[in-house]
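Each chain is listed here by its residues.
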Amino acid sequence: MKRITLEELEKKLRAESYERLCTYVYSQIENGRLKPVKASKTNGKKPALYREYWGIEPDKNDGIDLEKLKEELKYGMSAKISVDYYMKHLDQYASDRRWVLMLNDYLRMCQGMNEMPVISKNERSFQIWGREKFLQLEQGKKILKRCGMDVSQLSFYETSEPLAYYSRERSVPQNLLILENKDTFYSMRRHLIEGGERIFGIPFGTLIYGAGKGILRSFQDFAFCVEPYMRADENTIFYFGDLDYEGIGIFERLAESFEMPIRPFAAAYEQMMDKAGAVLDLPETKEKQNRRISGKFYEFFSDAMVCKMKELLESGRYIPQEILNIEDFKNRVY
């Protein structure tokens, strides 16, 4: 047995209300997994809870009564848990019982709620099993599958590295620009901080650092990790990256999967092409790049510009966006 305070139980559960905390504690006492430490006295609230409890570990597998397991599965589980698998595999249930009962306790605590508050995957994992990586790296997904539940029923969101962005203004509508590489992000941000209002003729209110392919994962959580003004439908989102197969591929996958329209920053790509004309030896395309692109990227350029771009790429060369620097952003006159 392990002594645990009511405060520790509350932190572990992150219960949305005192009523939910009471429901959980009473169910644990009823199931024999918590025993009040009466000397700790109650907390003075209604209904009252003791300030400390003895935590009793669930039964181990050895010598467990299979008939009792059947009774527990038939009459002790939340309606959200399907017992079909475990009724046919009682030995597996004996092994998984600790984790199934924790899930069952959580689901019972949530009874009567219209929907679970959405929190992160690791937060939900800890809330249910006391282990933040149980869903991601341990047996959480197997337990859910055996219980006939889909992970979506736990109402969580996946997290990624937070988006790095600079906001010159927060008005709506505005133009937002996603940048593939860090150097260009820093240079454009510096240009705006120093009083620049436009980049190649377009006023931008927000710059977003995409971190290459990382933007594909980050934008899956866009609604959770950005300020409300950035999600406004009236905004226009541009993308600017290296002029190579990989950079074009990132734009096309992002444009295909994101809920808001995204377009390439055509003026910047055209400036890259113009400036590259003076470079005698452009870098060679990196090996093992995925060259499968749909062609959606080219739809935003003139036929003449598309021909030049394709000729460049098919020659085995590419243009990094670092070909442009802050002087280009400053000196361009419109």
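Small disclaimer: the values here were computed from a predicted structure and weren't measured.

**Here we look at the side chain of serine 40**
Secondary-structure assignment places serine 40 in the loop between strand E2 (34-36) and strand E3 (52-55). The class of serine 40 is buried, set by a relative accessible area of 14%. Among the polar contacts listed, one links the side chain of serine 40 to the backbone nitrogen of glutamate 52, at a separation of 3.1 Å. The residues touching serine 40, leaving out its near neighbours within four places in the chain, are Tyr50, Arg51 and Glu52.

**Re the sheet that holds strand E7 (residues 175-179)**
Strand order in this open sheet of five strands is E6-E10-E7-E11-E12, and the pairing throughout is mixed. Each edge of the sheet is formed by a strand with only one pairing partner; in this case those strands are strand E6 (164-167) and strand E12 (262-264). Between one strand and the next, the sheet's axes are offset by a mean angle of 25°, whatever the strand orientation. In the sheet, E7 pairs with strand E11 (residues 236-240) via five bridges, with the strands oriented parallel. Looking at the pairing, leucine 177 lines up with phenylalanine 238 of E11. Where helix H11 (residues 245-257) meets the sheet, it contacts E7, E11 and E12, and its direction lies at approximately 160° from that of E12. The sheet contacts of helix H12 (residues 266-276) involve E11 and E12, and relative to E11 the element is tilted by about 20°.

**Quick notes on the pattern of salt bridges**
The final tally for this structure, using the stated rule, is eleven salt bridges. For glutamate 67, the salt bridge identified is with lysine 70, shortest N-O distance 3.7 Å. Highlighted residues: glutamate 67 and lysine 70, both in helix H3 (residues 66-75), separated by three residues, approximately one helical turn. With a relative accessible area of 48%, glutamate 67 lands in the partly exposed category. The partner of aspartate 281 in a salt bridge is arginine 317, with the nearest N and O atoms 3.0 Å apart. Taken together, the residues span a long stretch of sequence, with aspartate 281 in the loop between H12 and helix H13 (303-314) and arginine 317 in the loop between H13 and helix H14 (326-331) at a distance of 36 residues. Under the relative-accessibility criterion, arginine 317 is labelled partly exposed at 25%. A cluster of three or more residues bridged by salt bridges with shared partners is formed by Arg190, Glu194 and Lys330.

Rules and cut-offs
Residues numbered from 1 in each chain as written. Predicted model: local features only at pLDDT ≥ 70, side-chain atom pairs only at ≥ 80, totals over all residues. Heavy atoms only, no water. Helix = DSSP H or I, 4+ residues; strand = E, 2+ residues; numbered from the N terminus. Buried < 20%, exposed > 50% of the residue type's maximum accessible area, 1.4 Å probe, protein only. Polar contact = N/O pair within 3.5 Å; in protein donor to acceptor, adjacent residues only side chain to side chain. Contact = heavy atoms within 4.5 Å. Pairing = 2+ DSSP bridges. Axes fitted to C-alpha atoms, helices over the stretch in contact; angles between N-to-C directions. Salt bridge = Lys/Arg side-chain N within 4 Å of Asp/Glu carboxyl O.

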